[in-house]
Amino acid sequence: MIYKKRSMPKKLIGLSALMPRLQPSHIEMQRVREDFRIRKAGYSGEQHFDKHLLEFKPLYPHAILHDICLKQNGVYFQMDSVLITPTFILIIEVKNIAGKIIVKSNPTQFIQESSAGERKVLSNPIAELERKQLFLIEWLKHRKIEIPISGLVAFAFTNELILETVPETKITFTNEAPTYLYSLSVDKEIISKDTIRKLAFELRNNHQEYDPFPLTRLMNISPIDILPGVICPACNTRGMQWKHRKWACQTCNHTGLECHIEALADWMCLIGNRITNKEFRSFMLLNDRQVTTRFLARSGLSHKGKGKGSFYVMNEKINKHESALREH
């Protein structure tokens, strides 16, 4: 049973909001685009893995959780996927890497080779798994649970994989992962069905999602570099105008009543979770203060303070979500 599904990382959503609001010539644009590309590919690989894992439906009690981040001894550790069985816990590290992958030993190295023959040493997913295993063991000890923990490296897509020496940690492709999981022996009960369920809820309740917002502060980008305007949901043109009580795109003629909600979500991702009337007018390219006040009143924001010191606070439902990810 899946106790926690995977959701799009906030950093990826934030980068999607940032790119159309920076000048193409901005000094950080190349870094932003590359970060977006890598994170989008990683998330795509994890989704591909999740799809294949739906084939895994064993008869024994089990729990599956995707994208769990815990804190132990003041250190955060993130696990792409976790499988809990009566006999063991398996931490799964999902990798989406193009090209040929060569795995060397003594010391263990993962080397990516491009079609042009260029080689690049990658971070070692086996070492990452071993680190996470140690932290999870300690995390479980605090809850008086002792159970063997192992790891699995799953490559999201079928690469050319060369193992010069077969490592102790299993390496597979995501389409082969269900077959491998079925092959694992679950022959004794170390933890009961009830304990598995309670542990799954404990993991989910202790999950601490990484929050990179506001992204301008994290990436050392000045808020004044963020381009204003409501972005058209139909053609992605920035600068919709409020006319005749609706937003209108001057490029494709698309109209809508709540197009500013997505711009509010961009503000929250990039600049902060509070906004003044003046800031709202400037960011939405509005001139009328009274129109702005009505927008703010019905946009699900909380009004704080009085007079010139008043502002509006955005809640989580204003935040961007996966369906808002723009294509770039």
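Everything that follows concerns the structure shown earlier in this document.
Below is a summary of the structure that appears in this document. For clarity, every value in this text was computed on a predicted model and none was experimentally measured. Counting restarts for each chain: residues are numbered from 1 in the order of the written sequence. Reporting of local features is limited, given that this is a predicted model, to residues whose pLDDT is at least 70; pairs of side-chain atoms are given and counted only at 80 or more, and all residues count toward the totals for whole chains, interfaces and linings. Where side-chain values are given, they derive from all heavy atoms of the structure, hydrogens and water being excluded.

**Structural notes on the overall build of the protein chain**
- If you tally the helices and strands in the protein chain, you get 9 helices and 16 strands.
- Along the longest, intermediate and shortest principal axes, the C-alpha atoms of the protein chain span 70 × 50 × 35 Å.
- To sort residues, take the accessible area from a 1.4 Å probe on protein chains only and compare it with the maximum for the residue type: under 20% means buried, over 50% means exposed, and anything in between is partly exposed. Going through the 328 residues of the protein chain one by one, you find that 47% of them count as buried.
- Should any heavy atoms of two residues lie within 4.5 Å, those residues are considered in contact. Within the protein chain, contacts between residues at least 6 apart in sequence are counted, and of these 63% link residues at least 24 apart.
- The method behind every accessible area is Shrake-Rupley, applied with a 1.4 Å probe, and residues are considered shielded solely by the protein chains displayed. As displayed, the protein chain offers around 17600 Å² of accessible surface, 50% of which is attributable to carbon and sulfur atoms. In this text, helices come from DSSP runs of H or I with a minimum length of four residues, and strands from runs of E with a minimum of two, each type numbered from the N-terminal end.

**So, the pairing of strand 6 (residues 109-113)**
- As defined by bridge partners, strand 5 (residues 100-104) adjoins strand 6 across 5 bridges and the pair is classed as antiparallel. Residue pairing across strands places lysine 104 opposite glutamine 109, the latter belonging to strand 6.
- Between strand 5 and strand 6, which follow one another and run antiparallel, lie 4 residues, and asparagine 106 among them has a positive phi close to 55 degrees.
- A pair of strands counts as paired when DSSP detects no fewer than two bridges linking them. What sits between strand 6 and strand 7 (residues 119-122) in their antiparallel hairpin is a turn of 5 residues, with glycine 117 showing a positive phi close to 90 degrees.

**Section: helix 7 (residues 260-270)**
- With 9 of 11 residues buried, helix 7 lies mostly within the body of the structure.
- All of the buried residues in helix 7 are His260, Ala263, Leu264, Ala265, Asp266, Trp267, Met268, Cys269 and Leu270.
- Buried residues along helix 7 sit against helix 1 (10-18), helix 6 (215-218), strand 12 (246-248), strand 14 (274-275), helix 8 (277-284) and helix 9 (289-297).

**Here's the deal with the packing of helix 1 against helix 2 (residues 29-53)**
- Taken N-terminus to C-terminus, the directions of helix 1 and helix 2 make an angle of 140 degrees; their axes are 9 Å apart at the nearest point. Taken as axis vectors, helix 1 and helix 2 run oblique relative to one another. In the packing of helix 1 onto helix 2, the handedness of the crossing is left-handed. Along the contact surface, helix 1 presents Lys11, Leu12, Leu15, Ser16 and Leu18, while helix 2 presents Val32, Asp35, Phe36, Arg39, Lys40 and Tyr43. In this description, a line fitted to the C-alpha atoms serves as the axis of each element, helices being fitted only across the stretch in contact, and the angle between N-to-C directions of two axes falls anywhere from 0 to 180 degrees. An angle below 35 degrees is treated as roughly parallel, one above 145 as roughly antiparallel, one from 65 to 115 as roughly perpendicular, and anything else as oblique. Throughout, a crossing is termed right-handed when the near helix is turned clockwise from the far one, and left-handed when it is turned anticlockwise from it by less than a right angle.

**Examining the nonpolar core**
- In this text, buried Ala, Val, Leu, Ile, Met, Phe, Trp, Tyr and Cys residues form a nonpolar core when linked through side-chain atoms within 4.5 Å. Leu18, Val32, Trp247, Ile275, Phe280 and Met284 are the most contacted members of the largest nonpolar core, which has 40 residues in total.
- Looking at this core, the elements with two or more residues in it are helix 1, helix 2, helix 7, helix 8 and helix 9.
- The element that contributes the greatest number of residues to this core is helix 7, accounting for 6 residues.
- Counting residues in hydrophobic clusters, the runner-up holds 34 residues, among them Val82, Ile126, Ile191 and Leu203.

**Things to note about the pattern of salt bridges**
- The salt bridge criterion pairs a side-chain nitrogen of Lys or Arg with a carboxyl oxygen of Asp or Glu, the two atoms within 4 Å. Going through the model one piece at a time under the given rule, you end up with 17 salt bridges.
- The partner of glutamate 93 in a salt bridge is lysine 95, and the shortest N-O contact between them spans 3.6 Å. Lysine 95 shares its class with glutamate 93; the two are buried.
- Put simply, glutamate 202 and arginine 143 hold a salt bridge, and the shortest N to O gap is 2.9 Å. Taken together, the residues span a long stretch of sequence, with glutamate 202 in helix 5 (residues 193-206) and arginine 143 in the loop between helix 3 (125-141) and strand 8 (149-155) at a distance of 59 residues.
- Accessibility expressed as a relative area gives 28% for arginine 143, which makes it partly exposed.
- Here the salt bridges do not stand alone but share partners, grouping Glu93, Lys95, Glu128 and Lys132 into one network.

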